[in-house]
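Breakdown of the fold
Listed below, chain by chain, are the residues.
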Amino acid sequence: MASITIDNVVKQFANQTVLQNLSLHVPDGAFYTLLGPSGCGKTTLLRCIAGFNEPDGGRILFDKDDVTRVSTHHRDIGMVFQDYALFPDKTAFDNVAYGLRARKVPKAEIARRVNEALDKVSLLALADRYPAQMSGGQRQRVALARALVIRPRVLLMDEPLSNLDAKMRLQMRDVILDLVREAGITTVFVTHDQEEALAMSDRIAIMDRGSIAQLGTPEELYGTPVNAYVADFIGSANVIPVPAESAGGAASHVRYQLCGQQLDGKQGGAALGAQGILIARPEALSLMAPAPHVPNAIAGEVLRRQYLGFKTAYRIRLHDQSEIRVELHAGNMVADFQAGDAVQVLVPADSRVVAA
Ligand SMILES: Nc1ncnc2c1ncn2[C@@H]1O[C@H](COP(=O)(O)OP(=O)(O)OP(=O)(O)O)[C@@H](O)[C@H]1O
């Protein structure tokens, strides 16, 4: 087990800079996820940690060891790929045994450790099967056993669940988490599935064009996204440009204009006297019938109501013709509204206004 330090790493392909002075520290034993849209550099960063890509600048450390120029097979890593990358001509047993044989581990110990690893992924009974005789989930479990059996310092996983069906993906989340927690192994996991990232990670690094837009716990990223990009990537959010000004008093407050009305919000990094971005999760907003003098309420009209069982989603048109999405959850819904109803949208005063 080891911590991973990525220190100012730069990676270029031809004249494209794919990683831009990227730094990230993954503590020993932590489960970190790289999340971001296609092409943002997730796989490139993982391949730099693995040693398949050599950075053009910066360093990569495992604990205090600089591994930047160390070859992949001397880094002591386990890897699991999207396409499993099993040897098709080897049985499950021999696939898992491969890394131990390469390390010249004694035969009896190989048998013991391979059986133990196959048992952990519930595949002992299929030890003699070839990859072609197994389902996608079973193959992915062989790949996981193969990565873990060598007791690597670091486990790297590149979209390991994306070829599995939805049910198997959920099951494998638990299998992976149970195994890496039990082994206490430092893991970097790549996905573009935000729910997977939220459900599995200690911390998530949201990547944007070769940089980290925000690093945080799932709760931090969902609750306090630093900008519209992160807010839009994790969950859904109303992202509304608003002029921001000082609310006087506490620096944590901000006043902004929406539809010609003054509202109070929370300062999330907006420049005062300039344009900011209001970030409001649909489920943080609520609706009420029109009434005079309600603070932090803006008038609008229901454009569409969609009943979704556990929640009801509304599209509201405000007087400036912009739209805002509101979701009321079944458990705390006090009033329902239909298309055409005049309403007021209540924007909580802890809604954040971030820098544009
Ligand atoms: N070997 C290479 N040669 C040239 N360009 C490359 C190479 N590998 C990656 N790139 C480019 O680097 C950028 C980042 O690619 P990368 O695979 O890291 O993205 P990603 O975030 O993992 O995307 P995806 O989710 O689609 O896998 C892309 O523009 C890609 O075309």
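Because the structure is predicted, anything quoted here is derived from the model rather than measured.

Bringing the overall build of the protein chain into the picture now. Of regular secondary structure, the protein chain possesses eight helices and 20 strands. The C-alpha extent of the protein chain, read off along each of the three principal axes, is 80 × 45 × 35 Å. Each of the 356 residues in the protein chain was classed as buried or not, and the buried ones make up 38%. Excluding contacts between residues fewer than 6 apart, the proportion of contacts in the protein chain whose partners are at least 24 apart in sequence is 66%.

Here we take up helix α2 (residues 92–102). Residues of α2 that are buried include every one of Ala-92, Phe-93, Asn-95, Val-96, Ala-97, Gly-99 and Leu-100, and no others. Residues of α2 that are buried make contact with α3 (107–120) and α4 (136–149).

In space, the five strands of this closed barrel follow the order β11-β12-β13-β20-β14, with mixed pairing throughout. Averaged over all pairs of adjacent strands, the angle between strand axes in this sheet comes to 55°, irrespective of strand direction. Direction of pairing for strand β11 (residues 238–246) relative to strand β14 (residues 274–280): antiparallel, over a ladder of seven bridges. Paired with Pro-241 across the two strands is Ile-277, which belongs to β14.

Judged by nonpolar contacts, the single largest core of 99 residues is most densely connected at Val-96, Ala-145, Leu-156 and Val-345. At seven residues, α4 tops the list of elements feeding residues into this core. Here this core spans two domains, since at least three of its residues come from each of domain 1 (4–228) and domain 2 (236–355).

In terms of domains, the protein chain is made up of domain 1 (4–228) and domain 2 (236–355). On a C-alpha basis, the centroid separation for the pair domain 1 and domain 2 is 40 Å. The partner domain 2 presents seven residues to the five residues of domain 1 that form the contact.

What counts and how
Residues numbered from 1 in each chain as written. Predicted model: local features only at pLDDT ≥ 70, side-chain atom pairs only at ≥ 80, totals over all residues. Helix = DSSP H or I, 4+ residues; strand = E, 2+ residues; numbered from the N terminus. Buried ≥ 20, exposed ≤ 12 C-beta atoms within 10 Å, placed from the backbone. Contact = placed C-beta atoms within 7 Å. Pairing = 2+ DSSP bridges. Axes fitted to C-alpha atoms, helices over the stretch in contact; angles between N-to-C directions. Core = buried A, V, L, I, M, F, W, Y, C linked by C-beta atoms within 7 Å. Domains from an automatic or database assignment.

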